[in-house]
Amino acid sequence: MELANEYGVDRKTFRRMLERVGVNLTSGLVTPTEQSLIFEKLGIPGKMKKGILKIPH
């Protein structure tokens, strides 16, 4: 999953991150709506400090 790479984590870790913030993806490709929701919940990857992910609990 390319988005996982953008966030610098493994795809399984990325799925767990999404579950924690309440984002459930459909199967297949990530839709633009889902991508917007991911950016809203996790922040835009390029604007994050490298190596630091703050995941809301």
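Each remark here, short or long, concerns the structure printed above.
Rules behind the numbers
- Residues numbered from 1 in each chain as written.
- Predicted model: local features only at pLDDT ≥ 70, side-chain atom pairs only at ≥ 80, totals over all residues.
- Heavy atoms only, no water.
- Helix = DSSP H or I, 4+ residues; strand = E, 2+ residues; numbered from the N terminus.
- Contact = heavy atoms within 4.5 Å.
- Areas by Shrake-Rupley, 256 points an atom, 1.4 Å probe, with all protein chains shown as cover.
- Buried < 20%, exposed > 50% of the residue type's maximum accessible area, 1.4 Å probe, protein only.
- Lys, Arg positive; Asp, Glu negative; His and termini not counted.
- Salt bridge = Lys/Arg side-chain N within 4 Å of Asp/Glu carboxyl O.
- Polar contact = N/O pair within 3.5 Å; in protein donor to acceptor, adjacent residues only side chain to side chain.
- Arc of directions from axis to C-beta.

Colleague: I keep staring at the overall build of the protein chain and nothing clicks. Help me out?
Modeller: Per the secondary structure count, the protein chain includes three helices and zero strands. Going from N to C terminus, the protein chain has its helices and strands arranged as α-α-α. Taking the contacts inside the protein chain whose residues are at least 6 apart along the sequence as the reference set, 53% of them involve residues at least 24 apart. Surface summary for the protein chain: the accessible area is close to 4500 Å², and the carbon and sulfur share equals 50%.

Colleague: Explain the environment of R15 here, please?
Modeller: You can see R15 is positioned in helix α2 (residues 11-20). On the basis of relative accessible area, R15 is assigned to the partly exposed category, the value being 37%. A sequence separation of eleven residues divides R15 from A4, and the C-alpha atoms of the two residues are 8.4 Å apart. If we ignore the near neighbours within four places in the chain, the residues touching R15 are M1 and L25.

Colleague: Mind showing me how you'd approach the side chain of E34 here?
Modeller: Mapped onto the elements, E34 comes out in helix α3 (residues 32-42). R15 provides the closest opposite charge to the buried, unpaired E34, separated from it by 7.7 Å. In terms of polar contacts, E34 uses its side chain to reach the backbone amide nitrogen of T31, at 2.9 Å. If we skip the residues at most four places from it in the chain, E34 touches N24, L25, T26 and L29.

Colleague: Just checking my understanding: could you explain α2 for this structure?
Modeller: The α-helix advances 3.6 residues per turn, and as a result positions three or four apart in sequence lie on the same side. Considered for burial, the residues of α2 that qualify are F14, M17 and L18. Looking straight down α2, one finds its buried side chains confined to an arc of 95 degrees; they lie on one side. Opposite the buried face of α2, by more than 90 degrees, sit the exposed residues K12, R16, E19 and R20. Considering only its buried residues, α2 is in contact with α1 (2-7) and α3. Taking the backbone nitrogen of K12 as reference, a side-chain oxygen 3.0 Å away marks D10 as the first, capping residue of α2. Backbone geometry just downstream of α2 places G22 in the positive-phi region, at approximately 80 degrees.

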